[in-house]
Amino acid sequence: MGNRGMEDLIPLVNRLHEALGSVGHSCSLQLPQIAVVGGQSAGKSSVLENFVGRDFLPRGSGIVTRRPLILQLLHANTEYGEFLHCKGKKFTDFDKVCKEIEAETCRVTGSNKGISSVPISLRIYSPHVLNLTLVDLPGITKVPVGDQPADIEYQIRDMIMQYICNENCLILAVSPANADLATSDALKLAKDVDPQGQRTIGVITKLDLMDGGTDAREILENRLLPLRRGYIGVVNRSQKDIDGKKDIKAALDAERKFFLSHPSYKHMAERMGTPYLQRILNQQLTNHIRDTLPAFRSHLQSQLLALNKEAEEYRKYSPDDPARRTKTLLQLVQRLAVDFEKLIEGSGDKVDTVHLSGGAKINRIFHERFPYELVKIKFDEKKLRQEINYAIRNIHGVRTGLFTPDLAFEAIVKKQILRVTGPCMKCIDMVSQELITTVYQCIDKLTSFPTLRNETERIVTSEIREQESKCREQVMLLIDIQLAYINTRHEDFVGFTNGQQMYTQGNKKVPERMTGNQGVAPPSSLIVIRKGWLTLNNISIIKGGAKEYWFILTAETLSWFKDDATLLQEVGPFGKKERGTKEESRRVQGSTGRGKTKMCHQHT
Ligand code: GDP
Ligand code: MG
């Protein structure tokens with residue numbers, strides 16, 4: 001490599017990336033690259049766009065980056081983008097680049113806003129860029145919103161870890177200046193894998209948004225939380241600038257003016273801003289590649305040796321021998337099946353300690369996500385109260401009934417049972433998505449046989465989809481079964497009489513987690529609700545969670561209780577309020593299970 005210019009090192013590694021990408025996993029080398037990490041809205045995308053000088057990254061609320069984007073910037077005379085997944089197609093319109101990223105994200109992650117660690121590779125050739133390879137990763141979220149999986153934080157963390165655990169990966173930790181740096185997600189993550197701060201580069205965004213009178217001088221001078229490679233401050237476009245279509249050129253000018261005129265930063269204005277950051281990154285990545293190159297070369301050589309040996313074996317076969325071809329095909333397919341099974345069923349060989357595999361993720365969906373979804377079902381207490389009241393009255397019609405009609409109980413309960421449909425369907429959705437992601441993981445080994453790969457992908461994913469819809473039907477059927485008939489004689493149904501009996505005799509042993517201090521089941525619960533409540537009990541997310549409300553429905557009254565068994569309200573058959581008796585509130589004290597709503601229904 002003697003007379004090769006230093007500036008060629010990055011493209012060289014890019015070519016290696018590509019070459020290794022096409023041989024698949026059999027050649028596992030950890031190439032030097034820069035991973036961009038940071039909390040959501042820290043300004044990661046803005047920084048990358050400023051490097052390119054173009055708007056080309058999808059924007060919006062929530063997690064926009066849902067697959068890693070390997071962005072290779074290459075200095076060239078003409079400006080265009082090119083994706084690895086549609087090689088040869090030149091994108092000169094950067095809006096189309098944005099659309100393609102979105103489409104390609106959805107192709108693998110599906111429509112349910114999931115994330116996938118299968119990267120998208122995009123090359124941008126431009127006269128305005130310095131050679132640089134960066135990986136844009138999803139922002140760290142803390143609280144799942146809307147449709148996001150409950151374990152989204154772990155999923156994203158896993159994915160980021162995959163990249164930054166690699167000792168050859170520089171970490172570009174992006175933190176906004178208008179939040180406390182000590183709590184920066186980016187720096188926390190970086191510290192986990194790079195405790196000495198050797199390969200972390202700090203970027204502080206939103207310097208323009210700091211409260212008047214405060215500044216980030218101490219951080220930027222690398223005195224507050226020192227990193228070996230230091231911090232660089234930038235000012236990106238604000239949302240208003242973007243909406244107002246302020247172009248990046250103008251933004252870069254404004255950034256420069258900001259640093260030159262700011263009293264706290266003007267002494268170091270030359271070491272601040274996007275262009276400087278870009279130069280530093282180019283330099284540091286190049287140096288980093290140069291440093292890792294020797295070790296890299298010997299690694300490559302030893303792999304080459306091993307591969308040559310393997311190739312030698314193949315030489316004995318004539319490649320066009322049909323028997324040989326069939327054998328290869330069968331071997332590949334078989335290996336795929338074995339790989340897939342290992343990822344799902346788990347296996348003891350080559351245990352991955354960095355990220356969760358398919359099976360373990362599915363386990364998490366069933367044991368953490370699903371219960372969480374169940375708990376999340378909100379009961380509007382007031383509404384439910386009113387519904388019960390109205391149901392009873394409507395069933396009696398013009399007559400004022402003497403007894404609580406079972407029909408009212410059924411109508412209300414059925415409505416509640418039906419609500420488990422949502423979480424069930426979501427669970428199915430996520431599991432099948434995970435299966436598909438796992439398939440992609442295995443299938444990548446077939447990249448040298450594109451037809452086989454595509455055909456396998458098509459067959460396997462459509463099989464999964466088919467089974468998914470069968471599964472949906474089955475689950476709907478189960479729910480229908482529960483709805484069709486409420487078996488009050490079932491041993492799981494603790495009716496009022498039954499519960500009272502258990503309460504007074506105290507002879508039936510029930511698992512401790514179900515009971516309160518008396519060691520017997522509370523006089524409560526319906527089969528479905530109780531089932532949910534049973535599984536939920538030992539999950540930590542709901543420990544100390546939402547207040548629990550429940551009620552006792554009797555012929556005379558409808559009484560509402562809270563967690564601590566205080567009687568909230570009692571409604572007589574005509575809607576008038578009465579105070580509960582001491583006796584009654586004491587009786588309910590036994591129930592400390594953590595369902596959302598428990599029902600107790602007295603048979604009259
Ligand atoms: P990402 O989620 O980390 O990719 O963050 P984005 O780059 O999408 O930025 C999130 C929001 O913060 C956008 O509305 C940006 O316009 C805004 N933003 C990012 N950096 C800055 C900055 O330096 N100054 C100001 N005023 N706004 C910024
Ligand atoms: Mg982003």
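Residues numbered from 1 in each chain as written. Chains lettered and ligands numbered in written order. Predicted model: local features only at pLDDT ≥ 70, side-chain atom pairs only at ≥ 80, totals over all residues. Heavy atoms only, no water.

A short note on the environment of Val-47
Phase 1 of the analysis: Turning to its location among the elements, Val-47 is positioned in helix H2 (residues 44–52).
Phase 2 of the analysis: What makes Val-47 buried here is its relative accessible area of 3%. (Helix = DSSP H or I, 4+ residues; strand = E, 2+ residues; numbered from the N terminus. Buried < 20%, exposed > 50% of the residue type's maximum accessible area, 1.4 Å probe, protein only.)

A look at the nonpolar core
Phase 1 of the analysis: If you look at the biggest cluster of nonpolar residues, it comprises 44 residues, and the most contacted ones within it are Phe-56 and Leu-134.
Phase 2 of the analysis: Looking at this core element by element, the count peaks at 8 residues for helix H9 (residues 274–315).
Phase 3 of the analysis: Not counting chain neighbours up to four residues away, the residues in contact with Phe-56 comprise Leu-48, Glu-49, Leu-71, Phe-94, Val-97, Cys-98, Ile-101, Leu-122 and Ile-124.
Phase 4 of the analysis: In this structure, Ile-140, Ala-190, Met-210 and Met-268 belong to the second largest nonpolar core, which totals 40 residues. (Core = buried A, V, L, I, M, F, W, Y, C linked by side-chain atoms within 4.5 Å. Contact = heavy atoms within 4.5 Å.)

Some details on the site of ligand 1
Phase 1 of the analysis: Contacts to ligand 1 come from 18 residues, most closely from Lys-44, Ser-46, Asp-208, Arg-237 and Gln-239.
Phase 2 of the analysis: Here an oxygen atom of ligand 1 and a backbone polar atom of Lys-206 are 2.9 Å apart.
Phase 3 of the analysis: Protein contacts shield 88% of the accessible area of ligand 1, which totals 580 Å² for the unbound molecule.
Phase 4 of the analysis: At the level of secondary structure, the elements contributing two or more residues to the shell around ligand 1 comprise H2 and helix H7 (239–243).
Phase 5 of the analysis: Here the element with the most residues in the shell around ligand 1 is H2; it accounts for 3 residues.
Phase 6 of the analysis: When its residues are assigned to classes, the shell around ligand 1 shows 4 nonpolar, 9 polar and 5 charged. (Near = heavy atom within 4 Å. Polar contact = N/O pair within 3.5 Å; in protein donor to acceptor, adjacent residues only side chain to side chain. Areas by Shrake-Rupley, 256 points an atom, 1.4 Å probe, with all protein chains shown as cover. Nonpolar A, V, L, I, M, F, W, Y, C, P; charged D, E, K, R; others polar.)

What about the sheet that holds strand S3 (residues 80–83)?
Hydrogen bonds along the backbone pair up the strands of a sheet, which may run parallel or antiparallel.
Phase 1 of the analysis: Judged by pairing direction, the sheet is mixed, and its 8 strands sit side by side in the order S3-S4-S2-S5-S1-S6-S7-S8 without closing on themselves. Only two strands of the sheet have a single partner each, and these edge strands are S3 and strand S8 (231–233). Ignoring strand direction, the axes of neighbouring strands in this sheet form an average angle of 25°.
Phase 2 of the analysis: Note that strand S2 (residues 69–75) and strand S5 (residues 132–136) share 5 bridges and pair antiparallel. Within the sheet, the bridge partner assigned to Gln-72 lies in S5 and is Thr-133.
Phase 3 of the analysis: Strands in contact with H2 are strand S1 (33–38), S2, strand S4 (120–126), S5, strand S6 (169–176) and strand S7 (200–205); relative to S5, the strand with the most contacts, it is inclined by about 155°.
Phase 4 of the analysis: Set on the sheet, helix H5 (residues 185–193) makes contact with S1, S6, S7 and S8; between it and S6 the angle comes to about 155°. (Pairing = 2+ DSSP bridges. Axes fitted to C-alpha atoms, helices over the stretch in contact; angles between N-to-C directions.)

Quick notes on the environment of Leu-343
Phase 1 of the analysis: In this structure, Leu-343 sits in helix H10 (residues 322–345).
Phase 2 of the analysis: Leu-343 gets classed as partly exposed once you look at its relative accessible area, which sits at 21%.
Phase 3 of the analysis: Sequence separation between Leu-343 and Val-439 is 96 residues; the distance between their C-alpha atoms is 9.4 Å.

Some points on the pairing of S1
Phase 1 of the analysis: For S1, the tally of buried residues reaches 6 of 6 residues, placing the bulk of the element in the interior.
Phase 2 of the analysis: Residue alternation in S1 divides its side chains into two sets, Gln-33, Ala-35 and Val-37 and Ile-34, Val-36 and Gly-38, and both sets are buried.
Phase 3 of the analysis: Examined bridge by bridge, S1 and S6 share 6 bridges and lie parallel to one another. Paired with Ile-34 across the two strands is Leu-170, which belongs to S6.
Phase 4 of the analysis: Here S1 pairs with S5 via 3 bridges, running parallel.

Here we look at the packing of aromatic side chains
Phase 1 of the analysis: Across all of its chains, the model carries 6 aromatic pairs by this definition.
Phase 2 of the analysis: Ring geometry for Tyr-80 and Tyr-125: centres 4.8 Å apart, planes at 25°, overall stacked. Here Tyr-125 lies in strand S4 and Tyr-80 lies in strand S3, a separation of 45 residues in the sequence. The same class applies to Tyr-80 as to Tyr-125, namely buried.
Phase 3 of the analysis: With a centroid separation of 5.3 Å and 85° between ring planes, the pair formed by Phe-258 and Phe-259 is classed as edge-to-face. (Phe/Tyr/Trp six-rings, centres within 6.5 Å; stacked < 30°, edge-to-face > 60°.)

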